[in-house]
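# Tertiary structure, described
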Amino acid sequence: MISKKMEGLVKNSSVIRAMFEEGKKMMAIYGADNVYDFSLGNPSVEPPVEVKNAIIDVLNSEKQGDVHGYPVNAGFEDVREAIAQSINHKYDTKFHADNIVMTVGAAGGLNVILKTLLNPMDEVITFAPFFGEYRNYVSNFDGVLVAITPNTATFQPNLKEFEEKINAKTKAVIVNTPNNPTGVVYSEETIKEMAAILERKQKELNTSIYLISDEPYRELAYDGVEVPYLTKYYANTVVGYSYSKSLSLPGERIGYLVIPDELDDSDDVKAAASVATRILGFVNAPSLMQRAVAKCLDASVDVEIYNRNRELLYNSLVEYGIECIKPQGAFYLFIKALEEDDVAFAAKAKEHNILIVPGSSFGCPGYCRIAYCVDYAMIQRSLPHFKALAEEYKK
Ligand code: PLP
């Protein structure tokens, strides 16, 4: 018999994955070209050619034991140093190998840092709408996720409520910018205000509150928007990065944590993150991919492909009367459902063979997420169906 905790988790298991499965079934019935599956954030853009070349290069040029053996739990020292230098170059920071822990994607990194920091019943604040898996990651370590209600006018974080919710049990705050599901990039002004609140509260409560910046979409930003590097604004920041989206490698499970020297108890946090990587059963991030990404530090997917999708979909949906904030990053649109019940609206969209995810999965009912990391041609084919969906509500 499975555990009580898992029973609940299986029951509530990802709506997004369920939709993806549903899409597959619908494609068998209606034909692949007649189903418009916008449910999953699986990158549609090919990894840059540098990745394949780097993998081949690693396999050809390194001693095989150096590629496939166990590295230290935090990852190969030379890889971590190369990543640290690349971050320094881009963001004018001063990291070194010791500040980097290689992780099994952003998901692995979040679990490592939460295991490192949380005592049972510690609170972790995040801002709705948020990546639904945060609930599970925090519950893995018996923490309590506290969601701040969304500011639907801008989808910038609601800082007034944030300040009110911070208390002696608050151990960490997770932010995700560019954001899944809204595509919003938190402005520098927002970050500065957030940092000031955290500083104030740390002093007032005489405690450490860690800001965890979940950044799988850092590289996917449009119109030249700046994505602030959060360690520069608040010393107690841990960055969780991933190559899943920036290099289109979600199946390869590779990313890293940045744990700055300026962090409270930095040496303990670094050591604990290394041990957490081991004892969570990751042992270390995939060794071949560590070596490969170190050779691709300046590579990126062709963001223009996502940008083209964004422009077409956003402009068309707005024209049909669907409300949405124009996303500045990631590859999601977060639309206002045309009825109050977002689950009912997603079901109605399904009647038009359109698969979108209800905002309730992201702690934000009344909205739905459209993942536009899909073929441009599919978006083109889907438009008359979105139009028909919108018109149904005008009747
Ligand atoms: N965080 C956010 C906000 C995400 O959207 C995702 C994946 O979609 C993850 C973390 C997990 O990413 P990874 O594949 O790097 O584990």
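Now for a description of the structure that goes with this document. (Residues numbered from 1 in each chain as written. Predicted model: local features only at pLDDT ≥ 70, side-chain atom pairs only at ≥ 80, totals over all residues. Heavy atoms only, no water.)

## Notes on the overall build of the chain
Put simply, the rule is: The helix count covers DSSP runs of H or I at least four residues long, the strand count covers runs of E at least two residues long, and both are numbered beginning at the N terminus. For the radius of gyration, the atom set is restricted to C-alpha positions; the globular benchmark scales as 2.2 Å times the number of residues to the power 0.38. Contact definition: two residues touch when any of their heavy atoms are within 4.5 Å. Accessibility throughout is a Shrake-Rupley quantity obtained with a 1.4 Å probe, and a residue counts as covered only by protein chains that appear here. The sign given to each residue is positive for Lys and Arg and negative for Asp and Glu; His and the chain ends receive no count. Where a charge lies is defined by one atom per residue type, namely NZ (Lys), CZ (Arg), CG (Asp) and CD (Glu).
Secondary structure summary: the chain contains 15 helices and twelve strands in total. Whereas a compact globule of 395 residues would reach a radius of gyration of roughly 21 Å, the chain reaches 21 Å, a difference of no more than 12%. Nonlocal contacts in the chain, meaning residues at least 24 apart in sequence, comprise 73% of its contacts between residues at least 6 apart. Approximately 17100 Å² of the chain is accessible, and the part contributed by carbon and sulfur atoms is 51%. Charge-centre separation for the chain: the mean point of 40 positive side chains lies 4 Å from the mean point of 53 negative side chains.

## A word on the sheet that holds strand E11 (residues 357-358)
Filter applied, for reference: Two strands qualify as a pair provided that DSSP identifies no fewer than 2 bridges between them. Lines are fitted to the C-alpha atoms to define the axes, a helix being fitted only along its stretch in contact, and any angle between axes, read from their N-to-C directions, falls within 0 to 180 degrees.
With antiparallel pairing, three strands are arranged side by side in an open sheet as E9-E12-E11. Strands with a single pairing partner mark the edges of an open sheet, and in this sheet they are strand E9 (332-336) and E11. Relative to the sheet, helix H13 (residues 303-319) contacts E9 and strand E12 (367-371), its axis offset from that of E9 by approximately 10°. Sheet strands touched by helix H14 (residues 342-351): E9, E11 and E12. Its angle to E12, the strand with the most contacts, is close to 45°.

## Some details on the sheet that holds strand E2 (residues 100-103)
Sheets are built from strands that pair by backbone hydrogen bonding, the pairs being arranged parallel or antiparallel. Taken together, the seven strands give an open sheet; going across it, the order is E2-E8-E7-E6-E5-E3-E4, and neighbouring strands pair in mixed fashion. The outermost strands of the open sheet, each flanked by one partner alone, are E2 and strand E4 (144-148). Neighbour-to-neighbour, the strand axes of the sheet open up by a mean angle of 20°, direction not taken into account. Where strand E6 (residues 210-215) lies against strand E7 (residues 237-242), five bridges are found, and the strand directions are parallel. Following the sheet pairing, leucine 211 is matched in E7 by threonine 237.

## Side note on the pairing of E7
Selection rule: Each residue's exposure class comes from its accessible area (1.4 Å probe, protein chains only) as a fraction of the maximum for that residue type: buried when under 20%, exposed when over 50%, partly exposed otherwise.
Counting buried residues along E7, six of its six residues qualify, which places the element largely inside the surrounding structure. Where E7 and strand E8 (residues 255-258) come together, four bridges link them in antiparallel fashion. Across the sheet, residue glycine 240 finds its bridge partner in E8, namely leucine 257.

## Section: the nonpolar core
For soluble globular proteins, nonpolar side chains are generally found buried alongside one another. Rule in force here: We call a set of buried residues a nonpolar core when its members are Ala, Val, Leu, Ile, Met, Phe, Trp, Tyr or Cys and they connect through side-chain atoms within 4.5 Å of each other.
Phe38, Leu313 and Ile356 are the most contacted members of the largest nonpolar core, which has 43 residues in total. Contributing elements (two or more residues each) for this core: helix H2 (15-30), H13, E9, H14, strand E10 (354-355), E12 and helix H15 (376-394). Residue contacts for leucine 313: discarding those within four places in its chain leaves Phe38, Leu333, Ile370, Tyr372, Ile379, Leu383 and Phe386. Counting 27 residues, the second largest nonpolar core, distinct from the first, contains Ala54, Phe95, Ala292 and Val293.

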